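Here's the letter readout for the chains.
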Amino acid sequence: MNEIFEEIISKFMESRVGQVDHFLSETLSSQLKENLLLLLSEKKLKEAGIGNKEKLVTNKSIRSDVIYWLSREHDDIHEIAFFDLMDAFVEYLNMTCYTGITGYEFHYAYYDAGSYYKRHLDQFKDNHDRAYSMIMYLNEGWVLADGGQLQVYHEQKTQTISPLNGTCVFFKSSELEHEVLLSNKARLSITGWLKTN
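About the thresholds
- Residues numbered from 1 in each chain as written.
- Predicted model: local features only at pLDDT ≥ 70, side-chain atom pairs only at ≥ 80, totals over all residues.
- Heavy atoms only, no water.
- Pairing = 2+ DSSP bridges.
- Helix = DSSP H or I, 4+ residues; strand = E, 2+ residues; numbered from the N terminus.
- Expected span 1.5 Å × (residues − 1).
- Buried < 20%, exposed > 50% of the residue type's maximum accessible area, 1.4 Å probe, protein only.
- Arc of directions from axis to C-beta.
- Polar contact = N/O pair within 3.5 Å; in protein donor to acceptor, adjacent residues only side chain to side chain.
- Axes fitted to C-alpha atoms, helices over the stretch in contact; angles between N-to-C directions.
- Contact = heavy atoms within 4.5 Å.

Please clarify how the pairing of strand β10 (residues 177-180) should be interpreted in this entry.
Put simply, side chains in a regular strand alternate between the two faces of the sheet. Where strand β5 (residues 117-120) meets β10, two bridges bridge the pair, whose relative direction is antiparallel. For H120, the partnering residue across the bridge sits in β10 and is H178. Of the pairings in the sheet, the one linking strand β7 (residues 150-153) to β10 comprises four bridges and is antiparallel in character. Paired with V152 across the strands is H178, a residue of β10.

This is the structure in structure tokens:
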């Protein structure tokens, strides 16, 4: 995995967005997708909010996905395999880039057809714990007409990334505004943040 870790870091250093294919293996991606769909069928995903703590609100005009937080405490072998991968990436990141990451948080995100997330920044105004944002996609056979692209806003350009299965996107939470464009069919991902506190 070190080659993939190095590739995502190198691309991040070059363009402020690290993007690699097959960060998640096809097997793990499929297993996590099955988990997400099972949780959805059991109505365990909750409407996603904006803001944090007492400022947390839901607003479907800004964000219309539903989420479920991953945890080792669920004792799910596939979530544990995912967290083992993230532990390895954090260890590599800290060793090679001295980032000082001390933890992370990740959730499943499900965008039904007609869903979106308007332009935003991932870091809260009153909490700077989120250092890096990561998104891993679980969508097989995705085509351009399906929509749901991640649009990232750089100073001089806009970058558009399709949510292709196994792809990982990595960027600083405090720097790049981004949005999820209108999805024309169900769009699945794992989204989270590497944290410094």
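Is there a simple way to think about helix α1 (residues 2-15) in this case?
Along an α-helix, a turn takes 3.6 residues, which lines up residues three or four apart on a common side. Compared with an ideal rise of 1.5 Å per residue, which puts 14 residues at 20 Å, α1 spans 20 Å between its outermost C-alpha atoms and is within 8% of the ideal. Within α1, the full set of buried residues consists of I4, F5, I8, I9 and F12. The buried side chains of α1 occupy one side of the element, clustering within an arc of 135 degrees when seen end-on. Across from the buried face of α1, at angles greater than 90 degrees, the exposed residues are E3, M13 and E14.

I keep staring at helix α3 (residues 77-97) and nothing clicks. Help me out?
The terminal C-alpha atoms of α3, which comprises 21 residues, lie 30 Å apart, in line with the 30 Å expected from a rise of 1.5 Å per residue. Where α3 begins, the side chain of D76 points an oxygen toward the backbone nitrogen of H78, at a separation of 2.9 Å. Residue Y98 follows α3 closely and has a positive phi angle near 50 degrees.

Got a minute to help me understand the environment of V143 in this structure?
Counting through the fold element by element, V143 comes out in the loop between β6 (130-137) and β7. For the pair V143 and E79, spaced 64 residues apart in the sequence, the C-alpha separation amounts to 27 Å.

Which parts of the structure should I look at to understand the sheet that holds β10?
Across a sheet, strands are paired by hydrogen bonds formed along the backbone, either parallel or antiparallel in direction. What the four strands build is an open sheet, ordered β5-β10-β7-β8; its pairing is antiparallel. Unpaired on one side and paired on the other, β5 and β8 (158-161) mark the two borders of the sheet. Neighbour-to-neighbour, the strand axes of the sheet open up by a mean angle of 15 degrees, direction not taken into account. Across four bridges, β7 lies against β8 in antiparallel orientation. Bridged to L150 within β8 is I161.

Help me understand the environment of S173 in this model?
Residue position: S173 is located in the loop between β9 (168-172) and β10. Linking S173 and V20, residues 153 residues apart in sequence, is a C-alpha distance of 18 Å. Leave out the neighbours within four places in its chain, and S173 touches L121, D122, Q123, R130, A131, Y132, S133 and W193. Polar contacts involving the side chain of S173 include one to the side chain of S133, which spans 2.8 Å.

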